[in-house]
4 protein chains.
Amino acid sequence: TAPLTFLAGPCQLESRDHALMIAEAMAKICAANGAGFVFKASYDKANRTSLTGKRGLGIDAGLEVLAAVKAEIGCPVVTDVHAPDQCAKVAEVVDILQIPAFLCRQTDLLLAAGETGRAVNVKKGQFLAPWDMPNVAAKIASTGNENILLCERGTSFGYNTLVADMRALPQMAATGYPVVMDATHSVQQPGGLGGASGGQREFAPLMARSAAAIGVAAIFMETHEDPDRAPSDGPNMVPLDRMGALVASLMQFDRLAKADPFTL
Amino acid sequence: TAPLTFLAGPCQLESRDHALMIAEAMAKICAANGAGFVFKASYDKANRTSLTGKRGLGIDAGLEVLAAVKAEIGCPVVTDVHAPDQCAKVAEVVDILQIPAFLCRQTDLLLAAGETGRAVNVKKGQFLAPWDMPNVAAKIASTGNENILLCERGTSFGYNTLVADMRALPQMAATGYPVVMDATHSVQQPGGLGGASGGQREFAPLMARSAAAIGVAAIFMETHEDPDRAPSDGPNMVPLDRMGALVASLMQFDRLAKADPFTL
Amino acid sequence: TAPLTFLAGPCQLESRDHALMIAEAMAKICAANGAGFVFKASYDKANRTSLTGKRGLGIDAGLEVLAAVKAEIGCPVVTDVHAPDQCAKVAEVVDILQIPAFLCRQTDLLLAAGETGRAVNVKKGQFLAPWDMPNVAAKIASTGNENILLCERGTSFGYNTLVADMRALPQMAATGYPVVMDATHSVQQPGGLGGASGGQREFAPLMARSAAAIGVAAIFMETHEDPDRAPSDGPNMVPLDRMGALVASLMQFDRLAKADPFTL
Amino acid sequence: TAPLTFLAGPCQLESRDHALMIAEAMAKICAANGAGFVFKASYDKANRTSLTGKRGLGIDAGLEVLAAVKAEIGCPVVTDVHAPDQCAKVAEVVDILQIPAFLCRQTDLLLAAGETGRAVNVKKGQFLAPWDMPNVAAKIASTGNENILLCERGTSFGYNTLVADMRALPQMAATGYPVVMDATHSVQQPGGLGGASGGQREFAPLMARSAAAIGVAAIFMETHEDPDRAPSDGPNMVPLDRMGALVASLMQFDRLAKADPFTL
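In this text, all values refer to a predicted model and were calculated from it rather than measured experimentally.

Enquirer: I'd like a description of the overall build of chain A, backed by residues and values.
Expert: The helix and strand inventory of chain A stands at eight helices and 13 strands. Rg of the C-alpha trace for chain A: 17 Å, near the compact-globule value of 18 Å for 264 residues, within the 12% margin. Looking at chain A residue by residue over its 264 residues, the buried ones come to 67%. Of the roughly 8,000 Å² that chain A leaves accessible, carbon and sulfur atoms contribute 51%. Of note, chain A has its 22 positive side-chain charges centred 3 Å away from the centre of its 27 negative side-chain charges.

Okay, here's the thing in structure tokens:
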């Protein structure tokens, strides 16, 4: 099994320069540690807690920036899609289409994403059990596209709180599809700041480590050079200047885990 | 405060005759008991648990049937919308646009629904706290449309289970918007049958009663003449032949509750 | 079926005069409304959140006060027991022995309580499902004592939060034992104040109403003339001066519910 | 920081020979891998799901067996106490007194355990947040005994299900007390078999691994040579013949974690 891949980047695209800066930094870190890298950023935050939250560059400007990242950094890119009619357009540029958690059961979106032939990373809804995900994957696979990733990002646990059930990782892996651990959204506190989501970024490395020790295929982490000023999801982001040490550490756990797969 | 209104009908539109049969039966029951009535049915079940679940008549045929119900039965109708570009079209026929729970934070859908000027019934997501709903309502209200209803339909409680927190009803009512209790979806067991959702229809009257005793504006209930053969949500539907007694009983609780509002 | 009984009183015994004052007030309110009444107060709060929380009068002084309430007010009394060796002694005075929620699976305590021959009110643990309670009742019933009450007091829902699942009431009633709704502890916020539990007393009447509308046998409510100064559970108590109106209102819902039992 | 210690053994004491057999096997495994070892077994299962569940040897016979394990195997032992008056007696033999999760807020039990001067391992209640545990530890510490361990064993998550929130490990470690991960009870399904608890033993190694990767002080695991015939908790136990490989693997994660402590 391949070494860990990191899906990493800022929550939302802020500008061409900003995206290139983060992509370059992360690409170097991942290369230096033998890890795969996919740049992640969103062109539209379509479900902000409140109307005043910034939504991002929009699809056209966003895809231009993602294309620039691919061209200049040479890495694949992932971004989320929110409506069926965005999929084909996004797929012209993007390597992995991501289905947001709230939308993970919207049949038309899953089919449209699958039909692009691009890889599809589906975030497990906060309202779903791990064993509900084969039904989700089957919608995509019905298009003939088996290039599917399943992503854990936390489950509703009371109000304004998520919990990451580590059992979900092997349960989803039993489908045969690669499993991604979203280490930053699983420590999000949805709506926890009233008009925005809070987060516990101090625990993101813990989520990543636990998942690496179990042997996941990929880890998703949002990162920013100044999380407290990020336009979205700052409270759960990992500061960019900590990513080098974190990736290096996680790769050690990954090597150990993959040399000694978890079973009973 | 006005007597209870019932938003009731089959989960999905099956045919013109079927819709008319249920609408007529429910209109008579509600009129006989001094209750308001809005016919509810969906033209598309856009997020079925699995791909093989029936989705319904589609938007064009569905709106024709809903128009027929309005014309022949003389009652208002409510149906759910799944994408921004459906809203204007649906609003030509439908009195209340309903936002599905999974989509309750999709900003563009909320804005498009608000912009129609029609009433908008938003189901609280299974992943939201009651106090998150003012942010949702504010998205709609930003369009100048204050004709908003907020609907409780259960909150994620472990896997494949929902729980209805009765505190959500007064908490949402504090917004000033009318509150709807969805008595049938709050006893749904999402994904509980593997490839479909299960349900505990035997407890739907309990949810309705508790809510009536608290003094909600409206109760949402799906009903069918043969729930075990309904194409969707049968396990949590109330049989049509029980609706007469149930509505009559609930109106008694409603009168008592509204004569003696709940406060401390 | 008999009209509602109220199990009501302060959380903990504070003094003879205080207990008599509350018992007298509640006895009058219940008599005036045709409701049953059992005075409730604890002689020991054996599981306070923190060590500094007041524990109460202790078993000897406490039982003296409870005996005085019985003698002077003429009502039955209920109090909780925490260890098997307290049961026989408490049963000399008390009409209903109450098993605290955390202790509801401690076999020896359940057996000792059952063996007294007194009625036993078991609070369902915050960690139990309604369908787990027949196993609990069977432990008591194994002593030959079938005088058992089963009490809902909320279920763990994330951290520091409880939720009352109204389905638990008919599910527990299916055992044939009378069901009690604890309307004040089900709005407790365990540990919510750091060194003590918080509460949402404003929602206690809502819990009571929902339960009355479903037709429970009894409602448990803690009350105090000045809840903000009560030595324990003040945040979720109902002020004594609101109990008259609340009991009167609940009796109306009770009559309606029992004339028209909930079924589907 | 010291290498991992394993608190391991059968759920309940079955016989002297059985205890010695498991203690000897585990002691060898731990010694061979540089791990600490404490033999764990209960003399009384005081809160079985149902009355028919076996409770064990009882305190007198149980303490004799535990003394034999200490004498013949030369390892420390841990067992749980259920009532204050058991503590002093148990402390004559046992090195670590364990407070069961349901009883973790019973003040008198915590004080009595603390007063023995022996180490006290408190299981976090399924109904508590990690940040509630300092209040629990403070009760023990009030006796002057700071030899306290805090143990994660899963939190209520809907009905009949627990979830292990890995954030609890560093949150409890912030107290300064060593943290124990109970890898087998955190995959228990309380009441999940109707008259007994179910479990997912296949995920116990996952819980242990995640915790080792985070750098806990100790791992608690119940083990049996034939879990399907164990008198209690069989469904979540690790077969004894798998413990060698599991301990060896966990020690690798432990060394990595402790060389590179988790922080952000």
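Enquirer: Before we move on, could you go through the packing of helix α8 (residues 243-259) of chain B against helix α8 (residues 243-259) of chain C and cite the residues and values that matter?
Expert: Viewed as axis vectors pointing N to C, α8(B) and α8(C) meet at an angle of 175°, and their least axial separation amounts to 11 Å. One finds that α8(B) runs roughly antiparallel with respect to α8(C). Seen from α8(B), the contacting residues are B:Gln252, B:Phe253, B:Leu256 and B:Ala257; seen from α8(C), they are C:Gln252, C:Phe253, C:Leu256 and C:Ala257. Of the residues in the contact of α8(B) with α8(C), the class split is six nonpolar, two polar and no charged.

Enquirer: Would you mind going over the interface of chain D and chain A in detail, with residue names and values included?
Expert: Across the contact, 38 residues belong to chain D and 38 residues belong to chain A. When the two sides are added together, the surface that chain D and chain A hide from each other amounts to roughly 3,300 Å², 67% of it contributed by carbon and sulfur. If you sort the residues of chain D by the area they bury against chain A, D:Arg167, D:Arg209 and D:Leu264 come out on top, with a joint share of 25%. Inspection of the region where chain D meets chain A yields two salt bridges. Note that D:Asp260 is salt-bridged to A:Arg209, the shortest N-O span being 3.6 Å. Remark: the boundary between chain D and chain A carries ten residue pairs in polar contact (both at pLDDT 80 or more).

Enquirer: A description of the interface of chain C and chain B should follow, citing residues and the corresponding values.
Expert: Contacts between chain C and chain B engage 38 residues on the former and 38 residues on the latter. Summed over the three residues of chain C that lose the most area to chain B, namely C:Arg167, C:Arg209 and C:Leu264, the buried surface amounts to 25% of that side. Counting the contacts that link chain C with chain B gives two salt bridges. Our enumeration of links across chain C and chain B arrives at ten residue pairs in polar contact (both at pLDDT 80 or more). For the side of chain C that touches chain B, the elements supplying multiple residues, two or more each, are β7 (155-156), β8 (162-163), α6 (168-173), α7 (204-214), β13 (238-239) and α8 of chain C. Among the elements that take part in the side of chain C that touches chain B, α7(C) stands out by supplying seven residues, more than any other.

Enquirer: Kindly report on the packing of aromatic side chains, identifying the contributing residues and their values.
Expert: Tallied over the full model, the rule gives 18 aromatic pairs over all chains. Seen in terms of ring centroids, C:Phe127 and D:Phe102 are 4.1 Å apart; in terms of plane orientation they differ by 15°. Their pairing is stacked. Of this pair, C:Phe127 sits in the loop between β5 (119-123) and α5 (133-141) while D:Phe102 is found in the loop between β4 (96-99) and α4 (107-115), placing the two residues in two different chains. On the basis of relative accessible area, D:Phe102 is assigned to the buried category, the value being 8%. Among the aromatic side chains, those forming a connected cluster through ring pairs are A:Trp131, A:Phe157, B:Tyr159, C:Tyr159, D:Trp131 and D:Phe157. Across the ring face of A:Phe220, the terminal group of A:Lys123 is positioned such that the distance to the ring centre comes to 3.7 Å.

Enquirer: Run through the nonpolar core, naming residues and quoting values.
Expert: Considering soluble globular proteins, one finds that nonpolar side chains tend to be buried as a cluster. In this structure, A:Phe39, B:Phe39, B:Ile219, C:Phe39, C:Ile219 and D:Phe39 are the most contacted members of the largest nonpolar core, which totals 323 residues. Once residues lying within four places of it in the same chain are set aside, the contact partners of B:Ile219 are B:Leu4, B:Thr5, B:Phe6, B:Leu7, B:Val180, B:Met181, B:Ala183, B:Ala208, B:Ala212 and B:Leu250.

Enquirer: Quick one: what's the story with the packing of helix α2 (residues 59-73) of chain C against helix α3 (residues 84-91) of chain C, residue by residue and with numbers?
Expert: All names here are of chain C. One way to put it is that α2 packs onto α3 with a least axis distance of 11 Å and a crossing angle of 30°. Taken together, the axes of α2 and α3 lie roughly parallel to each other. Like other packed secondary-structure pairs, α2 and α3 cross with a definite hand, here right-handed. Only Gln-86, Lys-89 and Val-90 of α3 make contact with α2, whose side of the interface consists of Ile-59, Asp-60 and Leu-63. A breakdown of the residues in the contact of α2 with α3 according to their chemical character gives three nonpolar, one polar and two charged.

Enquirer: Let's hear about the relation of the copies chain C and chain B: which residues, and what values?
Expert: Least-squares fitting of chain C to chain B yields an RMSD of 0.0 Å, with the transformation described by 0.0 Å of translation along the axis and a rotation of 180°. Accordingly, the operation relating the two chain copies is best matched by a two-fold axis. Proximity to the rotation axis, assessed at the C-alpha, singles out C:Ser210 in chain C; its C-alpha lies 2.1 Å from the axis. Take the interface residues of chain C: 100% of them recur as interface residues in chain B, which is what a same-surface contact looks like.

Enquirer: Break down the relation of the copies chain D and chain A for me, with residues and values.
Expert: Note on the copies: chain D fits chain A at an RMSD of 0.0 Å, the axial shift is 0.0 Å, and the rotation between them is 180°. Same-surface contact between copies: 100% of interface residues of chain D are shared with the interface of chain A.

Enquirer: Would you mind going over helix α5 (residues 133-141) of chain A in detail, with residue names and values included?
Expert: Residues and elements named next belong to chain A. A large share of α5 lies buried, amounting to seven of its nine residues. Along α5, the positions that sit buried rather than exposed are Met-133, Asn-135, Val-136, Ala-137, Lys-139, Ile-140 and Ala-141. Taken together, the buried residues of α5 touch α4 (107-115), β5 (119-123), β6 (148-152) and α6 (168-173).

Enquirer: I'd like to hear about the confidence of the model for chain A, residue by residue, with values.
Expert: Confidence in the prediction for chain A averages 96 pLDDT; 100% of positions are at 70 or higher. Interface confidence for the predicted complex, expressed as ipTM, amounts to 0.96; the pTM equals 0.97.

Enquirer: Run through the environment of B:Ala19, naming residues and quoting values.
Expert: Residue and element names in this part refer to chain B. Note on placement: Ala-19 falls in helix α1 (residues 16-32). Residue Ala-19 is classed as buried on the basis of its relative accessible area of 1%. Between the C-alpha atom of Ala-19 and that of His-224, which follows or precedes it by 205 residues, the distance is 9.9 Å. The residues touching Ala-19, leaving out its near neighbours within four places in the chain, are Leu-13, Phe-39, Val-65 and Val-69.

Enquirer: Lay out the state of the cysteines in plain terms, naming residues and giving numbers.
Expert: Here the structure, examined in full by the defined rule, presents zero disulfides over all chains. With no disulfide of its own, B:Cys30 lies 9.4 Å from the sulfur of B:Cys75, the closest cysteine sulfur.

Enquirer: Go over the pattern of salt bridges with me, naming the residues and quoting the values.
Expert: Throughout the structure, instances matching the rule amount to 60 salt bridges over all chains. Where A:Asp44 meets A:Arg55, a salt bridge forms, and the shortest distance between an N and an O atom there is 2.8 Å. Here A:Arg55 lies in the loop between β2 (36-40) and α2 (59-73) and A:Asp44 lies in the loop between β2 and α2, a separation of eleven residues in the sequence. A relative accessible area of 12% places A:Asp44 in the buried class. Taking the shortest distance from any N to any O, the salt bridge between C:Glu72 and C:Arg16 comes out at 2.6 Å.

Enquirer: Account for the side chain of C:Asp233, with residues named and values stated.
Expert: Residues and elements named next belong to chain C. Relative to the helices and strands, Asp-233 resides in the loop between β12 (218-224) and β13. In this structure Asp-233 is buried but unpaired, with Lys-45 as the nearest side chain of opposite charge at 5.2 Å. Once residues lying within four places of it in the same chain are set aside, the contact partners of Asp-233 are Cys-11, His-185, Gln-188 and Glu-222.

Enquirer: Give me the lowdown on the pairing of strand β5 (residues 119-123) of chain B, citing residues and values where you can.
Expert: Residue and element names in this part refer to chain B. The buried count for β5 comes to five of five residues, which makes it a mostly enclosed element. The alternating pattern of β5 places Ala-119, Asn-121 and Lys-123 and Val-120 and Val-122 on opposite faces, both of which are buried. On the question of chirality, the crossover connecting strand β4 (residues 96-99) to the parallel β5 by way of helix α4 (residues 107-115) is right-handed. Bridge count for β5 against strand β6 (residues 148-152) is four bridges, and the pairing is parallel. Bridge pairing links Val-120 to Ile-148 in β6. Once you follow β5 into helix α5 (residues 133-141) and on to β6, the crossover reads as right-handed.

Cut-offs applied
- Residues numbered from 1 in each chain as written.
- Chains lettered and ligands numbered in written order.
- Predicted model: local features only at pLDDT ≥ 70, side-chain atom pairs only at ≥ 80, totals over all residues.
- Heavy atoms only, no water.
- Helix = DSSP H or I, 4+ residues; strand = E, 2+ residues; numbered from the N terminus.
- Rg over C-alpha atoms; globule rule 2.2 N^0.38 Å.
- Buried < 20%, exposed > 50% of the residue type's maximum accessible area, 1.4 Å probe, protein only.
- Areas by Shrake-Rupley, 256 points an atom, 1.4 Å probe, with all protein chains shown as cover.
- Lys, Arg positive; Asp, Glu negative; His and termini not counted.
- Charge placed at Lys NZ, Arg CZ, Asp CG, Glu CD.
- Axes fitted to C-alpha atoms, helices over the stretch in contact; angles between N-to-C directions.
- Parallel < 35°, antiparallel > 145°, perpendicular 65-115°, else oblique.
- Contact = heavy atoms within 4.5 Å.
- Nonpolar A, V, L, I, M, F, W, Y, C, P; charged D, E, K, R; others polar.
- Buried area = accessible area lost by both parts, 1.4 Å probe.
- Salt bridge = Lys/Arg side-chain N within 4 Å of Asp/Glu carboxyl O.
- Polar contact = N/O pair within 3.5 Å; in protein donor to acceptor, adjacent residues only side chain to side chain.
- Phe/Tyr/Trp six-rings, centres within 6.5 Å; stacked < 30°, edge-to-face > 60°.
- Lys NZ or Arg CZ within 6 Å of the ring centre and 35° of its normal.
- Core = buried A, V, L, I, M, F, W, Y, C linked by side-chain atoms within 4.5 Å.
- Left-handed = near helix turned anticlockwise from the far one by under 90°.
- Least-squares fit on C-alpha atoms with pLDDT ≥ 70 in both.
- pLDDT = per-residue confidence, 0-100.
- Disulfide = S-S within 2.5 Å.
- Right-handed = clockwise from strand over helix to strand, strands pointing away.
- Pairing = 2+ DSSP bridges.

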